[in-house]
Each structure stands twice: as structure tokens, then as C-alpha cells.
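The lines below spell out each chain.
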Amino acid sequence: MDSIFTYFLYGLAAILLALSFFKDRKKTILSLKKSLKMFITVLPQFIAILLLVGLLLVVITPETIQRIIGTESGFLGMVITSLLGAVTLVPVIIAFPIAAELLSNGAGITQIAVFISTLTMVGFVTLPIEIKYLGRKVALSRNILAYLFAFVTAFIIGVVLT
Amino acid sequence: MKKLIGKYWFLIAVVAANLLVLIYNPQLEMKALNFTGKNFLNFLFMLTPIFICIGLMDVWIERDMMIKIMGEKSGLKGVLVALMLGMITAVPLYALLPVAGVLLKKGSRISNILIFLCASASIRIPLLLFEISSLGWKFTFVRFGLNFVVVLLIAFMVEKLLSEADKKAMYDNAD
């Protein structure tokens, strides 16, 4: 699903680039130069993140996630799964089927909900990049709030669905 | 030298961690590097059109226009535009941060940028369709409703936490 969106972005970029080139060549070349410059400025941080994610993927495999979420329960289980969700960068495409499997094997719905919320909204690994673009205060408060709200929504989901 | 370390401390720390793993468990490190290599290609593939669009936005979109659409006084319209943009955008959060940077540079309201980022992370439509198919419509529907509120809450709470000086520093930093 996400890669279809990327193809769409390629199409969009090509059309916009063509329009821009047709309208003003100089400005288009300037825009490409700017793109390249912006890309190079963040490249070291992106490389660092990719290296870290590579390491984390070897240590925290889908099987590990499955084991931890599957066995731990109660509030402690929620805390552990929330931390797992905050530090991992597993694509949701992989996380949803794991979550579904766990649910059918009897895992708690609150744990699953807290995992999905922290996985999507809290980015511990990507925090340095977030700080670079949005500043320390916004990046930290956004992540902390998202982390806390993950518990609130998980409790409500747990109550509504059971 | 000190400045350079300050700027690249994260990269240096991660490279050091990788070197340690390489020394103690070369096999594991090879696996990790294999993941990193694959991810790097994916990442280049995904980021290329994003950065082209950001460059075009930077030269073509006038600050005044962006301020009108998503700026300080854009009100409900700005919120709706930010929500819409976020909900249809299906790329990981970290790839959207450069977009957030350009929105900031062009004078978007900070809460609107946060709505865009958080909506894309937790309530985007492609994600929902996938979620329904694996976790069922009931779970998805309840989570969507709750997170819709949470996205707005986080955006406005974070903005409330900022002083005028903080906001000014953010806009200056984006320039």
C-alpha cells in the first residue's frame, strides 16, 4: 500500500517538475539545487538512523516482539510493549499481522493497542531528526504526550471492546 | 573539531555501536549491515520524490500564500487542510519531517504542522484499510475515533507549551 503511494509521489514530482520547467527554467534548476542541498544536510543523520535501525532489527525481530507481547500481561506488560513500540521502527504493514496473530492467541487487547499507538506515534530512534527540524521542545513534548496518550487510548479501547 | 563532534554525535555513537558489534559478533553485524543496506535503498527510493517536491515548494510557494492556507490566522480551514494532507500521506514519520521543515519555513502555524505529522502517523487512510483487514473494523474504528481527538489534543497542547520566543526560534531555525 505504501509503495503504491511512493509511485504516486514519483508521478506527482514528475508532473510538477515538468510544469515548473515549462514555466521557468532557472527557478526549476534552483529548486533542484535546493532539494539536493537539503538532502545532503540531513544525510548524516539519516545514515545514523538506518545503521541504528539495522542493529535493532537484528536484536528485536518480529519473533521477539511476538514473544514479549504474547507472554507479558497486565500493566507491566503494557509498559514493556509501549517501550518496544517506541524504540522499534517496524513498518506497520508487518506489525498489524503480528498483532492480529497475537490477539487470536489470547494476548490482551490493551497491550496490542498500546503497541500500535506507540509504534506509530512515538519515534525514539528518529528523535534526533525531529529535534533538528522542530527543535528540542516540540520534538520532546510531542513524543512524551504521544506516549502518555497511547495508554489512555489503549485503556479506552480495552474497555470498549471487551 | 569539538563543533564537528557536537553536530555528528549521533552518527559517531551509532558507528561506534556498530563497530563494537562487529568486534564481538561479526555475523550479527553482517546481518545488521545487510538490513541497513536494503533499508538505505528503500529510503533513497522513497525520499527522492519527496525532496524534489520540497525543493519545488520552496521556490514556488510564496510565504504569504502558505500563511493564508495554514498560517497563524488560518483557523478551521488550516486545521482541515493539515488533517487532509496528513491522512492521505502514506510515508513514515521521519520522511515527513523535511516536509514539516518547509511548512515551518513558509510560515505554517505550528499546531497545523503537528496535526499534519501526527495525522499521517496514526490515522492515515491507507493505514486504516490495512488495519481493518488484519485487526477488524471494530478495533480500527474505535482507535481511529480516539486518535483523531488525540492528534488534535497533542498539536494544541504542544503549541500551548511554547513561548513566543520558542516559536520565533523555530521559525528562524527553519529559514
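Residues numbered from 1 in each chain as written. Chains lettered and ligands numbered in written order. Predicted model: local features only at pLDDT ≥ 70, side-chain atom pairs only at ≥ 80, totals over all residues. Heavy atoms only, no water.

Caption draft 1: Representation of the packing of helix α6 (residues 109-121) of chain A against helix α8 (residues 137-161) of chain B in the model. Relative to each other, α6 of chain A and α8 of chain B sit at 45°, their axes nearing to 12 Å. Taken together, the axis directions place α6 of chain A and α8 of chain B in an arrangement best described as oblique. Judged by the twist between their axes, the crossing of α6 of chain A over α8 of chain B is right-handed. Here Ile109, Ile112, Ala113, Ile116, Ser117, Thr120 and Met121 of chain A of α6 of chain A lie close against α8 of chain B, whose contacting residues are Phe139, Arg143, Asn147, Val150, Val151 and Ile154 of chain B. Taken together, the residues that form the contact of α6 of chain A with α8 of chain B break down as nine nonpolar, three polar and one charged. (Axes fitted to C-alpha atoms, helices over the stretch in contact; angles between N-to-C directions. Helix = DSSP H or I, 4+ residues; strand = E, 2+ residues; numbered from the N terminus. Parallel < 35°, antiparallel > 145°, perpendicular 65-115°, else oblique. Left-handed = near helix turned anticlockwise from the far one by under 90°. Contact = heavy atoms within 4.5 Å. Nonpolar A, V, L, I, M, F, W, Y, C, P; charged D, E, K, R; others polar.)

Caption draft 2: Molecular detail of the packing of aromatic side chains. Counted by the stated rule, this structure contains 12 aromatic pairs over all chains. Considering the side-chain rings of Phe5 of chain A and Phe8 of chain A, the 5.7 Å spacing of their centres and the 40° angle between planes classify their relative orientation as tilted. Residue Phe5 of chain A and its partner Phe8 of chain A are located together in helix α1 (residues 2-23), separated by three residues, close to a single helical turn. In this structure Phe5 of chain A comes out as buried when scored by relative accessible area, which is 13%. Look at Phe46 of chain A and Phe43 of chain B: their rings are 4.8 Å apart centre to centre, the planes differ by 55°, and that puts the pair in the tilted class. Here Phe43 of chain B lies in helix α2 (residues 26-60) and Phe46 of chain A lies in helix α2 (residues 25-59), a pairing that spans two chains. Judged by relative accessible area, Phe43 of chain B falls into the buried class, the value being 2%. Stacked on the ring of Trp60 of chain B, the Lys or Arg Lys27 of chain A has its end atom at 4.2 Å from the ring centre. (Phe/Tyr/Trp six-rings, centres within 6.5 Å; stacked < 30°, edge-to-face > 60°. Buried < 20%, exposed > 50% of the residue type's maximum accessible area, 1.4 Å probe, protein only. Lys NZ or Arg CZ within 6 Å of the ring centre and 35° of its normal.)

Caption draft 3: Here's a closer look at empty space enclosed by the protein. Residues and elements named next belong to chain A. Overall, the coordinates contain two cavities of 30 Å³ or more when judged by the stated rule. Considered as a void within the structure, the largest cavity measures approximately 40 Å³ in volume. Lining the largest cavity, in full, are Val53, Leu56, Leu57, Ile60, Thr88, Leu89 and Val90. (1 Å grid on protein atoms, 1.4 Å probe; cavity = no way out; pocket = protein on both sides within 12 Å on 5 of 7 lines; lining within 4 Å. Points joined across faces, edges and corners; volume = space filled by probe spheres on them.)

Caption draft 4: A look at the interface of chain B and chain A. Listed as interface residues are 78 residues of chain B and, on the opposing side, 72 residues of chain A. Inspection of the chain B/chain A interface yields two salt bridges. Lys137 of chain A is paired through a salt bridge with Asp166 of chain B; the nearest N and O atoms lie 2.7 Å apart. For the interface between chain B and chain A, the tally reads eight residue pairs in polar contact (both at pLDDT 80 or more). Elements supplying a minimum of two residues to the side of chain B that touches chain A: α1 (2-24), α2, α5 (93-105), α6 (110-122), α7 (125-135), α8 and α9 (164-174) of chain B. For the side of chain B that touches chain A, the element with the highest residue contribution is α2 of chain B, accounting for 26 residues. Tallied by class, the residues present in the side of chain B that touches chain A amount to 58 nonpolar, 11 polar and nine charged. (Salt bridge = Lys/Arg side-chain N within 4 Å of Asp/Glu carboxyl O. Polar contact = N/O pair within 3.5 Å; in protein donor to acceptor, adjacent residues only side chain to side chain.)

Caption draft 5: Local environment of the nonpolar core. If you look at the biggest cluster of nonpolar residues, it comprises 97 residues, and the most contacted ones within it are Leu134 of chain A together with Ile154 of chain B. Here this core takes 10 residues from α5 of chain B, the largest share from any one element. In this structure, this core is formed jointly by two domains, domain 1 (1-60) and domain 2 (63-175) of chain B, each of which donates at least three residues. Apart from the residues within four sequence positions on either side, Leu134 of chain A is in contact with Leu97, Ala100, Ile113, Leu114, Leu117 and Met170 of chain B. (Core = buried A, V, L, I, M, F, W, Y, C linked by side-chain atoms within 4.5 Å. Domains from an automatic or database assignment.)

Caption draft 6: Layout of the pattern of salt bridges. Applying the stated criterion across every chain yields a total of 10 salt bridges over all chains. With a closest N to O distance of 3.0 Å, Lys105 of chain B and Asp58 of chain B form a salt bridge. In this pair, Lys105 of chain B is assigned in helix α5 and Asp58 of chain B in helix α2, connecting sequence segments 47 residues apart. We classify Asp58 of chain B as buried; its relative accessible area is 7%. Between Glu131 of chain B and Arg143 of chain B there is a salt bridge whose closest N-O contact spans 2.7 Å. Of the two residues, Glu131 of chain B is situated in helix α7 and Arg143 of chain B in helix α8; the sequence distance between them amounts to 12 residues. What makes Glu131 of chain B buried here is its relative accessible area of 0%. Among the charged side chains, a network of salt bridges with common partners joins Lys34 of chain A together with Asp58, Lys105 and Lys106 of chain B.

Caption draft 7: Structural detail: the layout of surface pockets. One number sums up the size of the largest pocket: a volume of about 1000 Å³. Contributing to the lining of the largest pocket are 36 residues, with Leu89, Val90 and Pro91 of chain A together with Pro92 and Tyr94 of chain B lying nearest its centre. A total of seven residues in the lining of the largest pocket trace back to one element, the largest contributor, which is α2 of chain B. Of the residues assigned to the lining of the largest pocket, the class counts are 25 nonpolar, eight polar and three charged. A domain-level breakdown of the lining of the largest pocket finds at least three residues from each of domain 1 (1-60) and domain 2 (63-175) of chain B. Quantified by volume, the second largest pocket comes out at close to 800 Å³. What lines the second largest pocket is a set of 28 residues, among which Leu12 and Leu16 of chain A together with Cys53, Met57 and Leu85 of chain B lie closest to the centre. Across the lining of the second largest pocket, the residue classes tally to 25 nonpolar, two polar and one charged. Per-domain counts for the lining of the second largest pocket show at least three residues from each of domain 1 (1-60) and domain 2 (63-175) of chain B.

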